[in-house]
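Structure assessment
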Amino acid sequence: MKVSYHGHSVVQINTNGKTILIDPFITGNSLTDLKADEVHADAIILTHGHNDHVGDTVSIAKRCGSLVVANADLTTYLGWQGVETHGMNIGGAWEFDFGKVKLTQAFHGSGYATVNNEIIYCGMPTGVLFSSEGKTIYHAGDTGLFSDMKLIGERHSIDLAFLPIGDNFTMGQEDAAYAAKLLNAKMVVPIHYNTFPPIKQDPNRFIELLEAKNGKVLQPGEAIEI
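Keep in mind the model is a prediction, meaning the values are calculated, not measured.

**Quick word on helix 3 (residues 72-79)**
Within helix 3, burial applies to L74, T75, Y77 and L78. Buried residues along helix 3 cover an arc of 160° about the axis, so they all sit on one side. Close packing links the buried residues of helix 3 with helix 1 (51-54), helix 2 (57-64), strand 5 (67-71), strand 6 (84-88), strand 9 (111-113) and strand 10 (119-121). The backbone nitrogen of D73 has a side-chain oxygen 2.9 Å away, supplied by the residue at the start of helix 3, namely N71.

**Quick notes on the pairing of strand 6**
In this structure, strand 5 lies alongside strand 6, joined through five bridges in parallel fashion. Paired with V69 across the strands is H86, a residue of strand 6.

**Examining the pattern of salt bridges**
Summed over the entire model, instances satisfying the criterion amount to six salt bridges. Residue E154 is joined to K150 by a salt bridge in which the shortest nitrogen-to-oxygen separation is 2.4 Å. Here the residue E154 and the residue K150 both occupy positions in helix 4 (residues 149-155), the gap between them amounting to four residues, near one helical turn. A salt bridge links K216 to E222, with the shortest nitrogen-to-oxygen separation between them at 3.7 Å. On the accessibility criterion, E222 (27% relative accessible area) is partly exposed.

**Observations regarding the sheet that holds strand 14 (residues 187-191)**
Taken together, the six strands give an open sheet; going across it, the order is 7-8-11-12-13-14, and neighbouring strands pair in mixed fashion. Looking at the sheet topology across the chains shown, the edges are occupied by strand 7 (93-96) and strand 14. Ignoring which end each strand starts from, the neighbouring axes of this sheet average 20° apart. This element, helix 5 (residues 173-183), spans strand 12 (135-139), strand 13 (160-164) and strand 14 of the sheet and lies at about 155° to strand 13.

**Concerning the side chain of D56**
Within the element layout of this structure, D56 appears in the loop between helix 1 and helix 2. Despite its burial, D56 pairs with no opposite charge, the nearest such side chain being R63 at 8.7 Å. Setting aside anything within four residues of it in sequence, one finds D56 in contact with P24, F25, I26, T27 and A36.

**Re the side chain of D159**
The residue D159 is located in the loop between helix 4 and strand 13 in this model. Given a relative accessible area of 10%, D159 falls into the buried group. In terms of polar contacts, D159 uses its side chain to reach the side chain of K186, at 3.5 Å. Here D159 is in contact with G134, K135, T136, K186, M187 and I226, once residues within four sequence places are set aside.

**Section: the sheet that holds strand 4 (residues 43-45)**
One open sheet holds the seven strands; their spatial order is 6-5-4-3-2-1-15, and the pairing between them is mixed. Only two strands of the sheet have a single partner each, and these edge strands are strand 6 and strand 15 (223-225). With strand direction ignored, the average angle separating the axes of adjacent strands in the sheet is 20°. Here strand 4 runs beside strand 5; their pairing, made up of three bridges, is parallel. Bridge pairing in strand 5 links I45 to V69. Most of the contacts of helix 2 go to strand 4, to which it runs at about 160°, and overall it touches strand 3 (18-22), strand 4 and strand 5. Where helix 3 meets the sheet, it contacts strand 5 and strand 6, and its direction lies at approximately 140° from that of strand 5.

Parameters at a glance
- Residues numbered from 1 in each chain as written.
- Predicted model: local features only at pLDDT ≥ 70, side-chain atom pairs only at ≥ 80, totals over all residues.
- Heavy atoms only, no water.
- Buried < 20%, exposed > 50% of the residue type's maximum accessible area, 1.4 Å probe, protein only.
- Helix = DSSP H or I, 4+ residues; strand = E, 2+ residues; numbered from the N terminus.
- Arc of directions from axis to C-beta.
- Contact = heavy atoms within 4.5 Å.
- Polar contact = N/O pair within 3.5 Å; in protein donor to acceptor, adjacent residues only side chain to side chain.
- Pairing = 2+ DSSP bridges.
- Salt bridge = Lys/Arg side-chain N within 4 Å of Asp/Glu carboxyl O.
- Axes fitted to C-alpha atoms, helices over the stretch in contact; angles between N-to-C directions.
- Lys, Arg positive; Asp, Glu negative; His and termini not counted.

Below is the structure:
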């Protein structure tokens with residue numbers, strides 16, 4: 001399985017001949033290497049409804065015929081935009097042809113801001129457990145530290161965890177390092193930092209804080225095999 005990082009919280013997974021995008025915030029993301037009108041996705045998984053995570057979902061899904069997977073409130077709203085969706089909710093799992101998706105809790109907001117200055121309620125924010133080819137990836141989405149991360153780590157053997165470190169809106173580096181300890185993932189990659197001034201961080205310091213010394217900073221476009 002090939003997994004690549006593309007700035008902010010954008011993660012791409014290539015497995016079983018399919019391409020999956022998580023939180024494809026491309027337009028307006030100064031750190032990404034992707035182009036919204038060129039990237040391909042067979043499926044898109046969203047952690048929550050904030051604009052910097054929904055991003056280019058609708059345009060990509062319409063162009064590629066992508067299936068959009070997210071919590072049921074968010075998929076209802078996106079379905080109204082004319083894309084194919086599969087709604088889920090926290091604790092639920094579903095086996096797709098590209099892999100298994102399970103949603104976990106996350107502690108954050110989840111409102112989509114429209115051009116008409118309206119906030120659309122998009123359900124509870126989530127984390128994502130994605131399993132394929134005998135491997136499991138955990139994308140925490142936007143969240144603060146919570147003790148049940150230990151339970152997530154005990155219930156699932158996590159090969160790769162993507163954790164936000166930007167502070168201000170999510171966990172900061174110290175809390176994210178403690179989260180990594182609770183999750184007991186084999187490898188940890190920081191996300192959700194440096195895109196905007198309030199989340200400016202040095203990711204290398206986060207790596208130094210990890211007790212297990214199991215972290216890796218991925219540059220936009222860099223990939224790893226698990």
